[in-house]
Amino acid sequence: GMVRHDLLSQVFKVIALLAGGITCLLTAETSELGRKGEFFLIIVVSTLGACLMAAAADLIMVFVALETLSIPLYILASFSRKDKRSSEAGVKYFLFGSFASAIMLYGFSLLYGLTGSTSLYEIAGFLGSPEFGVNVAPLLVTMVLIVVGFGFKISAVPFHFWTPDVYEGAPTPVTAFVSVASKAASFALLMRFFVVVFPQTLVVQGVEIQHFWVNLLAVGAALSMTVGNVLALSQRNLKRLLAYSSIAHAGYMLIGIS
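Being a predicted model, the structure only gives us computed values, none of them experimental. (Residues numbered from 1 in each chain as written. Predicted model: local features only at pLDDT ≥ 70, side-chain atom pairs only at ≥ 80, totals over all residues. Heavy atoms only, no water.)

### Topic: the overall build of the protein
Here's step 1: Regarding its fold elements, the protein presents eleven helices and two strands.
Here's step 2: Ordered by position from N to C terminus, the α and β elements of the protein give α-α-α-α-α-α-α-α-α-β-β-α-α.
Here's step 3: For the protein, whose C-alpha radius of gyration is 19 Å, the value lies close to the compact-globule estimate of 18 Å for 258 residues.
Here's step 4: Viewed in the frame of its principal axes, the protein has a C-alpha envelope of about 60 × 40 × 30 Å. (Helix = DSSP H or I, 4+ residues; strand = E, 2+ residues; numbered from the N terminus. Rg over C-alpha atoms; globule rule 2.2 N^0.38 Å.)

Right under this line is the structure:
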């Protein structure tokens, strides 16, 4: 029960696999990256993490899949050793990513402490049961912490600061892979997590929990669209321009979820 093989996971697995395959084809044409076999191994491991994220249905599997996806990306971002910007991109990505993962893990630990289970579907059943509902504040704090972690992974405002520097400094095929596979897997997990764990029927102390996270995502969508498009106007570097475009597109996709 730690992974689910449904339509949502299958669709996003295909997207991740296509992104990994096309990245390898792009890399084969570049002299620096194409000659290093470990580059392709790291891409495969990161793609595996993306596939696991799309299908994860357990808090433990969510975190394992998240790190399986992220840690190889930190390496890939700094893969061009001769380029100082690539090293800088790798360090920034690692620091921001570690901080966001720690915040998300803290949210997971609180959610486990509240419910006593790591399965997303068992957590949803407990939260909707009469036994739960003593205090709504811890649940809302947990939700905010988890939104912060997801916001970093999808590069939504105000957790987007790493995106322009990483996109600019990383090798171009890596930038393409990060912008597609990582973001697609994160959105798949975001949809499964919030729709399953905090459904519309969950009402605690007269507060409809779904309204809270829907409003959080709606505000994030508005900020991401606005900031991404406005800051893109002043860019002179193509990869930074695409980074801010990616931030704006995160806002467009958050509209659909909210």
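Having seen the model, we can carry on.
### Focus: helix H9 (residues 172-197)
Here's step 1: Between its first and last C-alpha, H9 extends 37 Å over 26 residues, near the 38 Å set by a 1.5 Å rise per residue.
Here's step 2: Bending of H9 peaks at approximately 25 degrees at the position of Val 178.
Here's step 3: Among the 26 residues in H9, 20 count as buried, and that is most of the element. (Expected span 1.5 Å × (residues − 1). Bend = angle between axes of the 7 residues up to and from the residue. Buried < 20%, exposed > 50% of the residue type's maximum accessible area, 1.4 Å probe, protein only.)

### Some thoughts on the pattern of salt bridges
Here's step 1: On inspection of all chains with the given rule, the structure shows seven salt bridges.
Here's step 2: One salt bridge in this structure joins Lys 92 and Asp 165, with 2.8 Å as the shortest N-O distance. Note that Lys 92 is positioned in helix H5 (residues 84-115) and Asp 165 in helix H8 (residues 162-169), a separation of 73 residues in sequence.
Here's step 3: Bridged by salt links that share partners, the residues Asp 83, Arg 85, Glu 88, Lys 92, Asp 165, Glu 168 and Arg 240 form one connected network. (Salt bridge = Lys/Arg side-chain N within 4 Å of Asp/Glu carboxyl O.)

### Overview of the side chain of Ser 46
Here's step 1: Topologically, Ser 46 is positioned in helix H3 (residues 37-55).
Here's step 2: Looking at Ser 46, its side chain comes within polar contact range of the main-chain oxygen of Leu 69, at 3.1 Å.
Here's step 3: Contact partners of Ser 46, with chain neighbours within four places excluded, come to Thr 68, Leu 69, Pro 72, Leu 73 and Phe 177. (Polar contact = N/O pair within 3.5 Å; in protein donor to acceptor, adjacent residues only side chain to side chain. Contact = heavy atoms within 4.5 Å.)

### Brief notes about the environment of Leu 48
Here's step 1: Locating Leu 48 in the fold gives a position in helix H3.
Here's step 2: Taking the C-alpha atoms as reference, Leu 48 lies 23 Å from Leu 95; in sequence the two are 47 residues apart.

### Topic: the side chain of Thr 163
Here's step 1: Residue position: Thr 163 is located in helix H8.
Here's step 2: In contact with Thr 163, not counting residues within four places along its chain, are Ser 155, Ala 243 and Ile 247.

### Regarding the nonpolar core
Here's step 1: Grouped together as the largest cluster of nonpolar side chains are 65 residues, with contacts concentrated most on Tyr 93, Phe 193, Phe 194 and Phe 198.
Here's step 2: If one sorts the elements of this core by residue count, H9 sits on top with twelve residues.
Here's step 3: Non-local contacts of Phe 198, meaning those with residues more than four positions away in its chain, are made with Leu 127, Leu 139, Met 143, Phe 193, Ile 209, Gln 210 and Trp 213. (Core = buried A, V, L, I, M, F, W, Y, C linked by side-chain atoms within 4.5 Å.)

### A few points about unusual backbone geometry
Here's step 1: With an omega of 10 degrees, the peptide bond running from Val 157 to Pro 158 counts as cis.
Here's step 2: Following the sequence through the fold, Pro 158 ends up in the loop between helix H7 (137-153) and H8.
Here's step 3: The backbone phi angle of Ser 155 is positive, close to 55 degrees, even though this residue is not glycine.
Here's step 4: Among the secondary structure elements, Ser 155 is positioned in the loop between H7 and H8.

### Some remarks on the packing of aromatic side chains
Here's step 1: Going through the model one piece at a time under the given rule, you end up with 13 aromatic pairs.
Here's step 2: For Arg 4, the ring lying beneath its charged end belongs to Tyr 121, and the centroid distance is 4.1 Å. (Phe/Tyr/Trp six-rings, centres within 6.5 Å; stacked < 30°, edge-to-face > 60°. Lys NZ or Arg CZ within 6 Å of the ring centre and 35° of its normal.)

### Remarks on the packing of H3 against helix H4 (residues 59-77)
Here's step 1: H4 packs onto H3 with a crossing angle of 150 degrees between their chain directions and a minimal axis gap of 8 Å. Taken together, H3 and H4 sit at an angle that is classed as roughly antiparallel. For the pair H3 and H4, the sense of crossing is left-handed. In this structure, H3 contributes Phe 39, Ile 42, Ile 43, Val 45, Ser 46, Gly 49, Ala 50, Leu 52 and Met 53 to the contact, and H4 contributes Met 61, Ala 65, Leu 66, Thr 68, Leu 69, Pro 72, Leu 73, Ile 75 and Leu 76.
Here's step 2: A class-by-class count of the residues in the contact of H3 with H4 yields 15 nonpolar, three polar and no charged. (Axes fitted to C-alpha atoms, helices over the stretch in contact; angles between N-to-C directions. Parallel < 35°, antiparallel > 145°, perpendicular 65-115°, else oblique. Left-handed = near helix turned anticlockwise from the far one by under 90°. Nonpolar A, V, L, I, M, F, W, Y, C, P; charged D, E, K, R; others polar.)

### What about the environment of Ala 55?
Here's step 1: Structurally, the position occupied by Ala 55 is in helix H3.
Here's step 2: Measuring from C-alpha to C-alpha, the distance between Ala 55 and Asp 6 comes to 7.8 Å, with 49 residues separating the pair along the chain.
Here's step 3: The contact partners of Ala 55, leaving out residues within four places of it in the chain, are Met 2, Val 3, Arg 4, Ser 9, Lys 13 and Arg 192.

### Let's talk about a nonpolar patch on the surface
Here's step 1: Nonpolar side chains collect at one region of the surface, where Met 2, Val 3, Ile 60 and Val 64 lie side by side and expose about 300 Å² of accessible area between them.
Here's step 2: Mapped onto the elements, Ile 60 comes out in helix H4.
Here's step 3: Note on Ile 60: relative accessible area 48%, which makes it partly exposed. (Patch = residues over 30% accessible without salt bridge, like charges linked within 9 Å, V, L, I, M, F, W, Y side chains within 5 Å. Areas by Shrake-Rupley, 256 points an atom, 1.4 Å probe, with all protein chains shown as cover.)

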